[in-house]
Amino acid sequence: MRNSAIWHRWICRTLLGTFGLLFALPFFWMVSTSLKPLRETMRMPPVWLPVPPQWQNYPDAIAAMGPFWLYAANSLTLAALNVLGTVLSSALVAYGFSRLDWRGRDGLFFVLLMTMMIPFPVVMVPLYGLFRELGWIGTMKPLWAPAFLAGAFNVFLLRQFFLSLPRDLTEAARIDGCGEFRIFWQIILPLARPALLTVALFQFMATWNDFLGPLIFLAREEQYTLALGLQALQSTISGTPWHHLMAASTLVVLPALLLFFLTQKTFLRGIATTGLK
Amino acid sequence: MTFGERRKTVQGLLFVAPWVLGFLVLNLYPFCASVWFSLCDYSVLSQPVYLGTRNFHDLLQDPVFWKALRNTLLFATVSIPLSTALSIGLAVLLNQPVGAQGFFRTLFFLPCLVPAISLAILWQWMLNGQMGLVNVALRPWFDAINGLLGSSLQPPDWLNDPSWALWGLVLTGLWGTGQAMIIYLAGLQEIPAELYEAASLDGTTAWQRFFHVTLPMLSPVIFFNVLMGLIGALQTFAVPYILTGGGDGPGRSLLFLATYIYQNAFDFWNMGYASALALVLFCMITILTFAAVRFGEKKVHYEGR
Amino acid sequence: MKGRVVVEYWEKWTDFERAAMAARVDEFNNSQDRIFVRFLSVSRVDQKMMLATAGGVPPDVAGLWDLNLPSFSENNALLPLDRLAREAGLQEEDYNPVFWKLCRYRSHLWALPSTPSVVALHWNKRMFREAGLDPERPPRTLAELESFNEKLTRKHPDGSLAQIGHMPQEPGWWLPDFPSWFGGASWDGGGRLLLEAASGRAFFNWLESYPARFGGPELFRLRGAFGNFASPDNPFFNGKVAMILQGVWMDNFIRKYAPAGFTYGVAPFPETDEHPQAPLTIAQTDILVIPAGARHPREAMEFIAFLQKQKNMETLCMEQRKLSPLARVSEEFLRNHPHPYLREFQELAQSPRAQPTLCLPTMKEYTNDMLVYANQVLLGRMSGEQAREEMAARQQKALQAKLERWQRVAQVRTAAWERELAR
């Protein structure tokens, strides 16, 4: 029994290592390119370890992008607002679609699914007009207010998780005369922490990397986000400064990377019990 | 409705109220506007001119539409099963007690964190016909086969060959399974350890446990990921758009429906035609998703029901 | 900045091109205290401008491309500038006629040029020398180009191509304009495409001759080895292609990425006509427009007029390493310009046979189709005849649809323009 466990462990490690290397390749290439002089950046096949590493590319990239720290602050603000709005509203709505039985629930849920099937390009123009009517063009509101209205993706995700929690939990609480909101807040939410963290993480990343939204709705450089600022390093005619672009991209990736690395530990702790307290 | 039912409906609606508001304002209104546009000739900056169903007639006779449709469906059919298998496999692997799990999980998730522009450049390099990493890795195999059979096969020039470009894209799509993998991992964590203990006490093998405990308990999450994968694959736009520089790829082999819609809306000033295309895409996704939901609702196992 | 009128200016440039314009904007802002130009670098400026205009919040000045002009003006996105320009003292005589033409559509002025470009043959002198050709003598006719092509082509022992003299799809950025080198235009300026004319046929036959002479699969394999355009692996820099058609900006890339000791020459790209009266080239320009609904059109025009002054324009173009669109060019500009072949490009631009680039109302569809069909022919997968016929049919239909749309609104539109100009 012991030997096969060790075998098992090493086979897993090898598989993980090989696949992991393949998956990490884009990131390695990005970092490697960020440390090369411009002429070497696009060479094929690439040199993986640039010697000597051009650390200067990083401050240069920051300078080339413009008000880097302002963009970073904007990205952070938007991300925080979006995460807050999304987690709160999606959990609430998902509860309604999963732990409650009411007429029209499943039909309405299918409508929710259908909203994810509308191709974005054709929706852009009416949406833009709508925001203009509200006077939101020129502000950052179009980029975070909709988060408080529960996006379909996150509602769907949380619904699936809420549905996998045993029925007995809520039944017992209802028999005890507990109100629905209390059940939601005090029983279901704590149990669904891994899922809520997942939603928070994904929303953070989506907002952090989103450049289409800021591109369309922002008209002042002071409001630009990091993702949009990266565009400044892509030139149409004079040739993109790849070393700067990759250095800037690495910097933009780092916060999300750190956040992921730190929070994924809580997934480790999330083994649900059937704890009927 | 009885009084009890009505009360429950009101309660349900109260909980989902935020979404309903968002739906009416951010989804329904633009959608209805878009349906109206699909019946018009509309260039965004002029008033729409009613045309009846002409856009739809043109659509059915447009060979580029059919090509884009074919590309989109082909891509979805191949990439969804592949990425599902890969992400579940990886999640199971990552759930094993092998140590340094945090490190490995981060590695797999990295491609999802890299900005689209960097990814696209990387794919261009990796899929290069002569010097790309993929072909450099494949060439020894091809040489071996050539040696055995006396043939002169070459690994494909992924990005320039109309017959292979789409498969190159499928390959690059597999790198994005990190997100689905994390969701599977969270789902795996939720499976109570007692179930596995009970099963192994009964003397089952690891494979049996996988098929009889893991998969059923994971089924709500599988359902979610496959559905999201379907909706996402049918709306693929960003990566091919960046890879081809906003164009169609060799022989139009990388033209997806979403790309064609975007081109018509913003490059060709044919927002009316684009809306018609979007409506067709929307209906297609709805039908396929409906079929998937019907199928899934029977097979998926919910503890909470 | 208090009390000043704020003019919003959206421009597509980044890096040193942006810096060049930013310096002019600063000069303008410092030269007077009534107007402040807020300069914003925007990617996808055409899409964003379109959305903003639809939403009723356009900028006051936008930097677009010449090929945006027909569709934007027809679709009500731009302000006609005839009167504003005249009042600001800008006249046709001050400009190189080909660039002025690019700013006009349906008998109105819609834009003023910012920085222009023309195209020319670029050849690799070292490769010429190695092939036994005089490195200082470029081909003067298309027939000569092809004979040089044969001499410059080398094969590997296994039959695959090692290098080639010329390949139409490298870089392939002017394929829609190419029939001009075969003696004719692609469009009659109105409702008819002329792909069926002799020049269109000759062009597609020429494309077809490539797989016939070099082998479709071999061309394909050679192309597969081309590296990124902006890198030392650009096929023109690393000795894979000896002659290309490129614009005035190519020197920037050569400076950055070509190997040390790279020498190249510039000459008019050869055409079928053996004795042309004057050299042929295609002219393009970045343009400055005032969107319809702009809040401060007069102030916007004041800024644009500032840029059009000879001194400012020449500084801008010199810093962007391009040529000047004006009729008069100062000696200092020609002397101090960092581009080694600027005089040649300036002369080309001033040739009586310099042609404005094709600016169809359906330009994007046309270019997309041309790329797809040209590639199919060059790979030997389709005959030139078939490609030409299919493309002509498709594009004529698309053009027809656009013309119908125009017919529906023509009266209303032109009346509105006249009213705007009479205000």
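Residues numbered from 1 in each chain as written. Chains lettered and ligands numbered in written order. Predicted model: local features only at pLDDT ≥ 70, side-chain atom pairs only at ≥ 80, totals over all residues.

1. So, the overall build of chain B
Part 1: Secondary structure assignment for chain B yields 13 helices and two strands.
Part 2: Along the three orthogonal principal directions, the C-alpha set of chain B runs to about 80 × 70 × 30 Å.
Part 3: Here chain B holds 305 residues, and the buried ones make up 48% of them.
Part 4: A separation of at least 24 residues holds for 68% of the contacts in chain B among residues at least 6 apart in sequence. (Helix = DSSP H or I, 4+ residues; strand = E, 2+ residues; numbered from the N terminus. Buried ≥ 20, exposed ≤ 12 C-beta atoms within 10 Å, placed from the backbone. Contact = placed C-beta atoms within 7 Å.)

2. Re the overall build of chain A
Part 1: The number of helices and strands found in chain A is 13 helices and zero strands.
Part 2: Scanning chain A from its N terminus toward the C terminus, one meets helices and strands in the order α-α-α-α-α-α-α-α-α-α-α-α-α.
Part 3: Based on the C-alpha atoms only, the size of chain A along its principal axes is roughly 70 × 70 × 30 Å.
Part 4: Once local pairs closer than 6 in sequence are excluded, the contacts in chain A between residues at least 24 apart make up 76%.

3. Looking at the interface of chain A and chain C
Part 1: The interface is formed by 27 residues belonging to chain A together with 26 residues belonging to chain C.
Part 2: At the level of secondary structure, the elements contributing two or more residues to the side of chain A that touches chain C comprise α5 (120-133) and α11 (212-217) of chain A.
Part 3: Residue contributions to the side of chain A that touches chain C peak at five residues, all from α5 of chain A.
Part 4: A class-by-class count of the residues in the side of chain A that touches chain C yields 13 nonpolar, ten polar and four charged. (Nonpolar A, V, L, I, M, F, W, Y, C, P; charged D, E, K, R; others polar.)

4. A short note on the interface of chain B and chain A
Part 1: Contacts between chain B and chain A engage 80 residues on the former and 83 residues on the latter.
Part 2: Those elements that provide at least two residues to the side of chain B that touches chain A are α1 (3-38), α3 (63-95), α4 (101-113), α5 (116-126), α8 (178-190), α10 (206-234), α12 (257-267) and α13 (271-299) of chain B.
Part 3: Among the elements that take part in the side of chain B that touches chain A, α1 of chain B stands out by supplying 19 residues, more than any other.
Part 4: Classifying every residue of the side of chain B that touches chain A by side-chain character gives 56 nonpolar, 18 polar and six charged.

5. Quick look at the pairing of strand β10 (residues 264-267) of chain C
Residue and element names in this part refer to chain C.
Part 1: Only one face of β10 is covered, namely the face carrying Y264 and V266; the face carrying G265 and A267 is uncovered.
Part 2: As defined by bridge partners, strand β6 (residues 112-124) adjoins β10 across four bridges and the pair is classed as antiparallel. Residue pairing across strands places W123 opposite G265, the latter belonging to β10. (Pairing = 2+ DSSP bridges.)

6. Things to note about the packing of α3 of chain B against helix α7 (residues 165-173) of chain B
Residues and elements named next belong to chain B.
Part 1: Here α3 crosses α7 at 35°, and the two axes come no closer than 10 Å. Crossing angle aside, the handedness with which α3 passes α7 is right-handed. Contacts between α3 and α7 pair N71, L74, F75, V78, S79 and S83 from the former with L166, L169, V170 and G173 from the latter.
Part 2: Partitioning the contact of α3 with α7 into residue classes produces six nonpolar, four polar and no charged. (Axes fitted to C-alpha atoms, helices over the stretch in contact; angles between N-to-C directions. Left-handed = near helix turned anticlockwise from the far one by under 90°.)

7. Let's talk about unusual backbone geometry
Part 1: Following V51 of chain A, the chain continues into P52 of chain A via a peptide bond in cis, with omega recorded as -5°.
Part 2: Along the chain, P52 of chain A turns up in the loop between α1 (2-34) and α2 (57-65).
Part 3: Positive phi, close to 60°, is recorded for R252 of chain B, a residue that is not glycine.
Part 4: Along the chain, R252 of chain B falls in the loop between α11 (238-243) and α12.

8. Let's talk about the environment of Q163 of chain C
Residue and element names in this part refer to chain C.
Part 1: Mapped onto the elements of the fold, Q163 is located in strand β8 (residues 161-163).
Part 2: Spatially, the C-alpha atoms of Q163 and C317 are 35 Å apart, while their sequence positions differ by 154 residues.
Part 3: In contact with Q163, other than residues within four places in its own chain, are L152, T153, R154, G239, K240 and A242.

9. Describing the confidence of the model for chain B
Part 1: Of all residues in chain B, 99% attain a pLDDT of 70 or more, and the chain-wide mean is 84.
Part 2: ipTM for the predicted complex: 0.82, alongside a pTM of 0.85. (pLDDT = per-residue confidence, 0-100.)

10. Comments concerning the environment of A278 of chain C
Residue and element names in this part refer to chain C.
Part 1: Here A278 shows up in the loop between β10 and β11 (281-289).
Part 2: Given 13 C-beta atoms within a 10 Å radius, A278 is considered partly exposed.
Part 3: If sequence neighbours within four positions are ignored, A278 has contacts with S351, P352 and R353.

11. A closer look at the environment of L194 of chain C
All names here are of chain C.
Part 1: Position of L194 relative to the elements: it lies in the loop between β8 and α8 (198-214).
Part 2: Separated by 15 residues in the primary sequence, L194 and P179 have C-alpha atoms spaced 9.5 Å apart.
Part 3: Excluding its chain neighbours within four sequence positions, the residues that come into contact with L194 are G184, A185, S186, W187, D188 and G200.

12. With respect to the pairing of strand β9 (residues 243-247) of chain C
Part 1: The buried count for β9 of chain C comes to five of five residues, which makes it a mostly enclosed element.
Part 2: Residue alternation in β9 of chain C divides its side chains into two sets, M243, L245 and G247 of chain C and I244 and Q246 of chain C, and both sets are buried.

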